[in-house]
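Remarks on the overall topology
Chain by chain, the residues:
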Amino acid sequence: MTLLILSILILAAGPLCYRFVARDARLRALLDGFIIISVGGLILMQVLPESVASIGAGALAAAAAGVLLPLLFERFGGLAAKGTHVLLMVVAWGGLLAQTILDGLTLAVHSHAEVSAAIAAAIVLHRLPVALLIWWLVRPRYGRRAAGVALSAIALATIAGFLLEGH
């Protein structure tokens, strides 16, 4: 239960960190780089290898499509780009919430010592870049309230996953 609480509390650190660095253009550039590198590194070093190990080369094709299709829609979509943004946002949120539910489930399983402490700690610690990414993407475009709702959705999905373990 302690890890669940920490994983939710650390989400609040994202907006606080963003607020601190938003005042300084150099720190903001450093934060932007950190977010891009940490998310990209997480995908390249963890998500993609695990996906390839689980489902094979199809994971590489899906990753390539996930990168190339939005770029092609942006480049050649013109006015349709707004609809593309909405579709991509819905798909991205669906994936993020599913992953967050699995994180909550993993934290619950860890409480029974079936998952290593390192994995549980990684889940908690990676919440900071997730919170920063959400605040970095959502707040400037949709405002603080929408960004707060997005972070709350992440917290609720984590709790839902944690509660699923008992069923």
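Above this text is the structure in question.
Residues numbered from 1 in each chain as written. Predicted model: local features only at pLDDT ≥ 70, side-chain atom pairs only at ≥ 80, totals over all residues. Heavy atoms only, no water.

**Some words on the overall build of the protein chain**
Counting its secondary structure elements, the protein chain contains seven helices and zero strands. Listing the helices and strands of the protein chain from first to last along the sequence gives α-α-α-α-α-α-α. Burial status across the protein chain gives 27% buried among its 167 residues. Counting only contacts in the protein chain whose residues sit at least 6 apart along the sequence, the fraction spanning at least 24 positions is 67%. Element-wise, carbon and sulfur atoms account for 74% of the exposed surface of the protein chain, whose accessible area totals about 10,500 Å². (Helix = DSSP H or I, 4+ residues; strand = E, 2+ residues; numbered from the N terminus. Buried < 20%, exposed > 50% of the residue type's maximum accessible area, 1.4 Å probe, protein only. Contact = heavy atoms within 4.5 Å. Areas by Shrake-Rupley, 256 points an atom, 1.4 Å probe, with all protein chains shown as cover.)

**Quick notes on the environment of Leu137**
Tracing the backbone shows Leu137 in helix α6 (residues 127–142). For Leu137, a relative accessible area of 49% puts it in the partly exposed group. In this structure the C-alpha to C-alpha distance between Leu137 and Ala147, which are ten residues apart in sequence, comes to 8.4 Å.

**Brief notes about the environment of Asp32**
Looking at the secondary structure, you find Asp32 in helix α2 (residues 25–55). Separated by 14 residues in the primary sequence, Asp32 and Tyr18 have C-alpha atoms spaced 9.8 Å apart.

**Re the nonpolar core**
Membership of the largest hydrophobic core comes to 17 residues, with the highest contact counts inside it found for Leu11, Leu31, Ile134 and Leu151. Among the elements of the structure, α1 (2–22), α2, α6 and α7 (144–164) are those that each provide at least two residues to this core. Counting residues per element, this core draws most heavily on α6, at six residues. Residues contacting Leu31, with those up to four places away along its chain left out, are Tyr18, Val21 and Leu132. (Core = buried A, V, L, I, M, F, W, Y, C linked by side-chain atoms within 4.5 Å.)

**Describing α6**
Along its 16 residues, α6 runs 21 Å from first to last C-alpha, staying within 8% of the 22 Å computed at 1.5 Å per residue. Of the residues making up α6, those classed as buried are Arg127, Pro129, Val130, Ala131, Leu132, Ile134, Trp135 and Val138. (Expected span 1.5 Å × (residues − 1).)

**Topic: helix α5 (residues 117–125)**
Within α5, the full set of buried residues consists of Ala120, Ile123 and Val124. Around the axis of α5, the buried residues are gathered within 95° of arc, so they sit on the same side. Facing away from the buried side of α5 by more than 90 degrees, the exposed set consists of Ala118 and Leu125. (Arc of directions from axis to C-beta.)

**Topic: the side chain of Asp103**
Among the structural elements, Asp103 can be located in helix α4 (residues 81–110). With near-sequence residues (within four places) excluded, Asp103 lies in contact with Ile123, His126 and Arg127.

**Overview of the environment of Ser51**
One can find Ser51 in helix α2. According to the relative accessible area criterion, Ser51 is partly exposed, its value standing at 26%. Ser51 sits twelve residues away from Ala63 along the chain, and the two C-alpha atoms are 9.5 Å apart. Sequence-distant contacts of Ser51, that is, excluding residues within four places in its chain, are made with Gly56 and Ala59.

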